[in-house]
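Take a look at the letters that make up each chain.
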Amino acid sequence: MRKSPSVSPTAARVSRRSLLAGGGATLSAAAIGLLAGAPSLLGARAARASDPSADARILNTALAAEHEAVAAYQVGAESGLLAKDALDLAVQFQGHHKEHAELLARTVRALGGAPADPRSEYAFPVDQLQSQTDVLRFAAGLEKGAVSAYLGAVPLFGNRDLAKAAASILGDEAMHWSVLRYILGENPVPVAFVS
Amino acid sequence: MRRGAVCGAVLALAGVAFVAALAAGGDPTRAAELDAGREVYDRCLACHAIGYDRVGPRHCGLFGRRAGSVPGFPYSDAMRRSGIVWGPESLDAFLRDPPGFVPGTHMTWAGIPEPDARSQLIAWLAFATAPSRCGPAAAP
């Protein structure tokens, strides 16, 4: 298992449909958290406790990272380097990032901000992506970074519902990271605490 | 692709421990510090690369650079007007608490509370962001 060069049988056995169904359930929890957070900012209690424009800024930085993740998975998916199982996972993970991005954009708008647009181009290290392993390792690095990024965002929110929603997205990114490590043949959960 | 980007990718993807070991010139303490710092830099990889702009600006050439001065990068006014010049001390203060040190920054990230992790990271940054390693003049 540790040295598996391609997608493991375990990962492949789970049908894409059931994976997608599970993912949808997770994300609607995030959606509830975010959408619950936005209106409560308009209340007096929340207004005292937090600055909506500061929270919108945090969400917008996260949104920019989600846009980039969507584009990165697109590069991976179109590389022709991924076998079907890995491609299915990449497309599924990209779908999660799209859902995160949509929700973050909607929430920034609800807070009165202007959501960050995707960049017109991204400078990915495409020259370094020569094999499925390269692509998966690149994706794993981005997902690991995303976990750290959300971890660093959680304590900054004035509104705790938004912090909870960010933590929900963090959990999703951590699962991506773990599965990518697993199919790379690495210890899927190398630490007890993420940083 | 620009060479800076390629170099950043090389540092990010491959052989970095080897590079660090070489840079340490056989000094195991220094090599361990650079390795540890490279690992702390993983926390930055959602938003930054050494060689190219992402959610955050490229880090190549960071030391001695005025904050908010990478051409074409859409900085916050807060960063652009901060008057900071990046070096070990300003980085230590910023990375401990980015929004505390530069209120209004778009780097909405809580920072690195552990002093050791910060100093390892700053040692790694000083190494990896040297223009001779990541700039246009760097060997591919």
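What comes next concerns the included structure. Keep in mind it's a predicted model, so treat the numbers as computed, not measured.

Note on placement: Ser148 of chain A falls in helix H6 (residues 132-153). Taking the relative accessible area as the measure of exposure, Ser148 of chain A reaches 4% and is therefore buried. If we skip the residues at most four places from it in the chain, Ser148 of chain A touches Ser195 of chain A together with Arg43 and Trp109 of chain B.

All names here are of chain A. Together, Leu151, Val191 and Val194 make up a nonpolar patch on the protein surface, roughly 200 Å² of accessible area in all. Relative to the assigned elements, Val191 resides in the segment after helix H7 (160-183). For Val191, a relative accessible area of 42% gives the class partly exposed.

Moving on: the interface of chain A and chain B. In this complex, chain A contributes 26 residues to the contact, which on the side of chain B involves 22 residues. For Lys144 of chain A, the salt bridge identified is with Asp42 of chain B, shortest N-O distance 2.7 Å. Viewed at the interface, chain B and chain A are joined by seven residue pairs in polar contact (both at pLDDT 80 or more). Among the elements that line the side of chain A that touches chain B, the one with the most residues is H6 of chain A, at ten residues. Looking at the side of chain A that touches chain B residue by residue, the class counts come to 14 nonpolar, seven polar and five charged.

Residues Tyr41, Met79, Trp86, Leu91, Leu95, Leu121 and Leu125 of chain B are the most contacted members of the largest nonpolar core, which totals 29 residues. At the level of secondary structure, the elements contributing two or more residues to this core comprise helix H3 (28-41), helix H5 (88-96) and helix H7 (115-128) of chain B. Counting residues per element, this core draws most heavily on H7 of chain B, at seven residues. Contact partners of Leu125 of chain B, with chain neighbours within four places excluded, come to Tyr41, His59, Leu62, Phe63, Leu91, Leu95 and Ala130 of chain B. Judged by nonpolar contacts, the second largest core, of 20 residues, contains Ala72, Leu89, Ala90 and Ile183 of chain A.

Calculation criteria
Residues numbered from 1 in each chain as written. Chains lettered and ligands numbered in written order. Predicted model: local features only at pLDDT ≥ 70, side-chain atom pairs only at ≥ 80, totals over all residues. Heavy atoms only, no water. Helix = DSSP H or I, 4+ residues; strand = E, 2+ residues; numbered from the N terminus. Buried < 20%, exposed > 50% of the residue type's maximum accessible area, 1.4 Å probe, protein only. Contact = heavy atoms within 4.5 Å. Patch = residues over 30% accessible without salt bridge, like charges linked within 9 Å, V, L, I, M, F, W, Y side chains within 5 Å. Areas by Shrake-Rupley, 256 points an atom, 1.4 Å probe, with all protein chains shown as cover. Salt bridge = Lys/Arg side-chain N within 4 Å of Asp/Glu carboxyl O. Polar contact = N/O pair within 3.5 Å; in protein donor to acceptor, adjacent residues only side chain to side chain. Nonpolar A, V, L, I, M, F, W, Y, C, P; charged D, E, K, R; others polar. Core = buried A, V, L, I, M, F, W, Y, C linked by side-chain atoms within 4.5 Å.

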